[in-house]
Amino acid sequence: MGTLENLAAWQYSREFRKRISSLVKTFPIEEKYRLSDQLIRASRSSVANIAEGYGRFHYQESIQFCRQARGSLIECSEHLYCALDEKYISVEVFNELKDQLSHCIKVINGYIIFLKSQKLGEMDTFSDQDLEYGDNIPPST
């Protein structure tokens, strides 16, 4: 059995969280308890939900926590749009973060599909790369 630290969804989300933590330190001080706080909370929530779901040892609960993690990342996306609109970040930084965020979501989606397949006993039909990135995986029935 693997560990949380080996889980790609957790690793990528953790890297995104660290990037957000650094980014908000550049925001104006008046955003400390507004946009900065919201971005920090949402990015931390995504990683924490993946961890909590991993520790549940029940496929359906793990899937639900991954869905919550994905929702927190989508929330981060909105906050990044706000940061862009308020000119706290450049278009280049915004695009880099959106790409990183999109990759996190893709990996979480792949992990959800993996968990569903485990639940249904269909694990042998997927490759490791499919599971990591969520590509080329047929929908579960």
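Shown above is the structure to which this text applies.
Residues numbered from 1 in each chain as written. Predicted model: local features only at pLDDT ≥ 70, side-chain atom pairs only at ≥ 80, totals over all residues. Heavy atoms only, no water.

Q: Help me get a handle on helix 2 (residues 35-54), residues and values and all.
A: An ideal rise of 1.5 Å per residue puts 28 Å on 20 residues; helix 2 measures up with 29 Å between its terminal C-alpha atoms. For helix 2, the set of buried residues is L35, S36, L39, I40, A42, S43, S46, V47, N49, I50, G53 and Y54. Buried positions along helix 2 lie against helix 1 (8-24), helix 3 (59-85) and helix 4 (91-120). (Helix = DSSP H or I, 4+ residues; strand = E, 2+ residues; numbered from the N terminus. Expected span 1.5 Å × (residues − 1). Buried < 20%, exposed > 50% of the residue type's maximum accessible area, 1.4 Å probe, protein only. Contact = heavy atoms within 4.5 Å.)

Q: I'd like a description of the environment of E75, backed by residues and values.
A: Mapping E75 onto the fold places it in helix 3. Its relative accessible area of 36% is what places E75 among the partly exposed residues. Once the C-alpha coordinates of E75 and S46 are considered, the two residues, 29 residues apart in sequence, prove to be 9.8 Å apart. The residues contacting E75, other than those within four sequence positions of it, are Q38 and A42.

Q: Before we move on, can you summarise the pattern of salt bridges with the specific residues and values?
A: Here the structure, examined in full by the defined rule, presents six salt bridges. E96 is the partner of R19 in a salt bridge, and the nearest nitrogen-oxygen pair spans 2.8 Å. Separated by 77 residues along the polypeptide, R19 in helix 1 and E96 in helix 4 bring together distant segments of the chain. Across the pair R56 and E61 runs a salt bridge, and its minimum N-O distance is 2.9 Å. Taking relative accessible area as the criterion, R56 reaches 33% and is therefore assigned partly exposed. Three or more residues are tied together by salt bridges with common partners; here these are E52, R56 and E61. (Salt bridge = Lys/Arg side-chain N within 4 Å of Asp/Glu carboxyl O.)

Q: Can you break down the side chain of S13 residue by residue, with the values?
A: Inspection of the secondary structure puts S13 in helix 1. Residue S13 is classed as buried on the basis of its relative accessible area of 0%. Discounting residues that sit within four places of it in the chain, S13 has contacts with S46, V47, I50, L73, C104 and I108.

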